[in-house]
Amino acid sequence: MLDIRRIRQDPDTVARLLAKKHVDVDLDVVQRLDAKKREITLNIERLKAQRNQASEEVSRRKKRHEDVADLIAETRAVGEKIKELEVSLEPIDQELRDFLLTVPNTPLPQVPEGESADDNVEIHRFGDIPVFSFPAKPHWELGEMLEIIDFERARKISGSRFSLLRGMGASLSRALINFMLDHAKERGYQEVAPPYLVNETSMFGTGQFPKFVDDAFHVVPHDYYLIPTAEVPLTNLFRDEIISTPLPLKFTAYTASFRAEAGAAGRDTRGLIRQHQFDKVELVRFEEPANSEQAAEELLRDAESILEELELPYRTVILCGGDMGFTQALTYDIEVWMPSYGKYVEISSVSNMTDFQARRASIRYRPSGIKKTELVHTLNGSALAVGRTIAAILENYQRASGHVQIPSALRPYLNGQEEI
RNA sequence: GGAGGGGUAGCGUAAUUGGUAACGCAGUGGUCUUGAAAACCACCGCCUUAUGGCUUGCAGGUUCGAGUCCUGUCCCCUCCGCCA
């Protein structure tokens, strides 16, 4: 959520920044509702002050056993007027809040102009694209040949966009998760094992709701939602709290993630790239506002270095305004080379949300030397999406025999095994 | 799921028949001190330029006035049942 005061004071700048994201928001509506709300609120508070004084006067007179009938009658009229104004305020306030919840975060200055993924700007590249002396196979074929991924039976058990790992496939997944968690812990992130089911308030807090309701799996009779990313429970850790320990706070979690993939029909239907359920190790940071830009760079390195240790070729892009998400002020995508696609495919997304989520979720801290509380900045990034990492390893490390070499960084997690 | 008990400031506790939320500890700043402790003063829940308004889990209702009375709801604890 954006600060209403910011919209009130400098609507032109906010409008210009939102235009960079290629979203059309009518800020006049916000300003009109805000002005109306403030006018009515002021009147209500004046009348309440009057009523409070009158009530105290009633109390005083009663103690002196004086007659208070007139005063009570008079004050009742004030109460009715307050009630009337409150009733008129309610729909305005509701409309204003609903509207603000649909206004996206504004991009930071370094975000490039652009409309779509084609306009993203590459900033970093690592590793050489592999050249195969044999016909390279896509990971779904390799996975089935090696009997480590079973798409058919997953479809039978659940449906499309589900997969099932067996034998060394399952072991490889577990090895990656442990490797990624250890990597994060070495870099100062505390490991968390959060719930996979969260309430609606948490989904609003991180910005999934109200806009992306259709992307979530809703557990109907109990009104829980399956987490689309560990970002949701991790960022909501401190919802409605004033953080009393020194910032930054850094957390990591391995969780499954669940996405309905509404609107993705027909895209990436083969393989592990786009699933309803996938494993991911996530990093989340709570930062002082002044440090969040530097924290974003650190977080990016925290994620990139995993691919470097796995010796997988990747590139990093900074998303242009038009390709950015709703809650983000800055996003880097890390894309791993996927031979079957013949291009780089997103394997991590690292974002600075500035105070956007913190305002929604009311996550604050006390800056040293200042009495007032302030909103923190939240950041998160995948480190990494496990399914896509498995796909990248199978494809980039495949041999002519159809076997797959295990990256040396992972071998300690697989009893030294060198090949699948 | 059932029964009972309970949610008041970070923690622990108050609040006559309904009369407008108090105290202690912890914490922050200041005075004092070579420094610290102690003592004293202020702050110590939120909004507001201010006046003032709001705040007793949450949402309503009754009332001039609700921590207190009424309705709904969430959460916690204990016991029972079920359960990996």
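Source: prediction; values computed, not measured.

1. A look at the overall build of chain A
For step 1, the next point in the chain: The helix and strand inventory of chain A stands at twelve helices and 14 strands.
For step 2, the next point in the chain: Dimensions of chain A, computed from the C-alpha atoms along their principal axes, are close to 100 × 45 × 45 Å.
For step 3, the next point in the chain: The buried share of chain A, taken over its 420 residues, is 49%.
For step 4, the next point in the chain: Considering only residue pairs separated by 6 or more positions, chain A has 73% of its internal contacts joining residues 24 or more positions apart.
For step 5, the next point in the chain: Computing the positive centroid from 53 side-chain charges and the negative centroid from 66, chain A places the two 4 Å apart.

2. A closer look at the sheet that holds strand 9 (residues 314-318)
Two modes of strand pairing occur in sheets, parallel and antiparallel, and in both the strands are linked by backbone hydrogen bonds.
For step 1, the next point in the chain: Taken in spatial order, the eight strands make up an open sheet running 1-9-10-11-14-8-7-2, and their pairing is mixed. Of all strands in the sheet, those bounded by a partner on one side alone are strand 1 (121-126) and strand 2 (190-191).
For step 2, the next point in the chain: Where strand 2 meets strand 7 (residues 249-258), two bridges bridge the pair, whose relative direction is parallel. Residue Gln190 lies in a different strand from strand 7, and its bridge partner there is Phe251.
For step 3, the next point in the chain: Against the sheet, helix 10 (residues 292-309) contacts strand 1, strand 8 (277-287), strand 9, strand 10 (330-338), strand 11 (343-352) and strand 14 (377-385), and its axis sits at roughly 5° relative to strand 14.

3. Side note on the sheet that holds strand 13 (residues 374-375)
For step 1, the next point in the chain: One open sheet holds the three strands; their spatial order is 6-12-13, and the pairing between them is mixed. Either end of the sheet is taken by a strand with one partner, and the two such strands are strand 6 (241-243) and strand 13.
For step 2, the next point in the chain: Pairing between strand 6 and strand 12 (residues 363-365): three bridges, direction parallel. Across the sheet, residue Glu241 finds its bridge partner in strand 12, namely Ile363.

4. Describing the domain arrangement of chain A
For step 1, the next point in the chain: For chain A, the assigned domains are domain 1 (4-101) and domain 2 (117-414).
For step 2, the next point in the chain: Here domain 1 and domain 2 have C-alpha centroids that lie 43 Å from each other.
For step 3, the next point in the chain: Each partner contributes residues to the interface: domain 1 has four residues there, and domain 2 has nine residues.
For step 4, the next point in the chain: The junction of domain 1 with domain 2 conceals about 520 Å² of combined surface from both sides, 56% of it contributed by carbon and sulfur atoms.
For step 5, the next point in the chain: Linking domain 1 with domain 2 are four residue pairs in polar contact (both at pLDDT 80 or more), by the criterion used here.
For step 6, the next point in the chain: Partitioning the side of domain 1 that touches domain 2 into residue classes produces one nonpolar, one polar and two charged.

5. Quick notes on the protein's contact with RNA strand B
For step 1, the next point in the chain: Lining the immediate surroundings of RNA strand B are 19 residues, of which Arg5, Ser55, Lys62, Arg76 and Lys83 lie closest.
For step 2, the next point in the chain: The share of sugar and phosphate among atoms of RNA strand B within 4 Å of the protein is 67%.
For step 3, the next point in the chain: Between RNA strand B and Ser55, the relevant distance is 2.7 Å, taken from a base oxygen to a main-chain nitrogen or oxygen of the residue.
For step 4, the next point in the chain: One nitrogen or oxygen atom from the side chain of Lys83 is found 2.6 Å from a phosphate oxygen belonging to RNA strand B.

6. Quick look at the environment of Ser292
For step 1, the next point in the chain: Within the secondary structure, Ser292 is located in helix 10.
For step 2, the next point in the chain: By relative accessible area, which is 2% here, Ser292 ends up buried.
For step 3, the next point in the chain: Through-space distance from the C-alpha of Ser292 to that of Thr106 is 15 Å; in sequence the pair is 186 residues apart.
For step 4, the next point in the chain: Among the polar contacts listed, one links the side chain of Ser292 to the side chain of His377, at a separation of 2.9 Å.

7. A look at the nonpolar core
For step 1, the next point in the chain: Counting residues in each nonpolar core, the largest one holds 59 residues, and the members touching the most others are Leu176, Met180, Leu307, Leu312, Ile334 and Leu410.
For step 2, the next point in the chain: Among the elements that take part in this core, helix 7 (residues 168-186) stands out by supplying eight residues, more than any other.
For step 3, the next point in the chain: Non-local contacts of Met180, meaning those with residues more than four positions away in its chain, are made with Val281, Ile306, Ala383, Leu384, Val386 and Thr389.
For step 4, the next point in the chain: Membership of the second largest hydrophobic core comes to 24 residues, among which are Ile4, Leu33, Ile40 and Val103.

8. Some points on the side chain of Arg360
For step 1, the next point in the chain: When you line up the elements, Arg360 lands in helix 11 (residues 356-361).
For step 2, the next point in the chain: Asp98 is the oppositely charged side chain nearest to the buried, salt-bridge-free Arg360, at an N-O distance of 9.9 Å.
For step 3, the next point in the chain: Among the polar contacts listed, one links the side chain of Arg360 to the backbone oxygen of Leu101, at a separation of 2.5 Å.
For step 4, the next point in the chain: A distance of 3.0 Å separates a polar side-chain atom of Arg360 from the backbone oxygen of Phe209.

9. Quick notes on the pattern of salt bridges
For step 1, the next point in the chain: Summed over all chains, the structure comprises 27 salt bridges.
For step 2, the next point in the chain: Linking Arg187 and Asp302 is a salt bridge whose minimum nitrogen-to-oxygen distance equals 2.6 Å. Of the two residues, Arg187 sits in the loop between helix 7 and strand 2 while Asp302 sits in helix 10, which places them 115 residues apart along the sequence.
For step 3, the next point in the chain: Judged by relative accessible area, Arg187 falls into the partly exposed class, the value being 32%.
For step 4, the next point in the chain: By relative accessible area, Asp302 is classed as buried at 7%.
For step 5, the next point in the chain: Put simply, Glu419 and Arg399 hold a salt bridge, and the shortest N to O gap is 2.2 Å. Pair noted here: Glu419 is in the segment after helix 12 (386-396) and Arg399 is in the segment after helix 12, with a separation of 20 residues, a long-range link.
For step 6, the next point in the chain: The class of Glu419 is partly exposed, set by a relative accessible area of 31%.
For step 7, the next point in the chain: When salt bridges with common partners are traced through the structure, they connect Arg187, Arg285, Glu287, Glu298 and Asp302 into a single cluster.

Rules of the game
Residues numbered from 1 in each chain as written. Chains lettered and ligands numbered in written order. Predicted model: local features only at pLDDT ≥ 70, side-chain atom pairs only at ≥ 80, totals over all residues. Heavy atoms only, no water. Helix = DSSP H or I, 4+ residues; strand = E, 2+ residues; numbered from the N terminus. Buried < 20%, exposed > 50% of the residue type's maximum accessible area, 1.4 Å probe, protein only. Contact = heavy atoms within 4.5 Å. Lys, Arg positive; Asp, Glu negative; His and termini not counted. Charge placed at Lys NZ, Arg CZ, Asp CG, Glu CD. Pairing = 2+ DSSP bridges. Axes fitted to C-alpha atoms, helices over the stretch in contact; angles between N-to-C directions. Domains from an automatic or database assignment. Buried area = accessible area lost by both parts, 1.4 Å probe. Polar contact = N/O pair within 3.5 Å; in protein donor to acceptor, adjacent residues only side chain to side chain. Nonpolar A, V, L, I, M, F, W, Y, C, P; charged D, E, K, R; others polar. Near = heavy atom within 4 Å. Core = buried A, V, L, I, M, F, W, Y, C linked by side-chain atoms within 4.5 Å. Salt bridge = Lys/Arg side-chain N within 4 Å of Asp/Glu carboxyl O.

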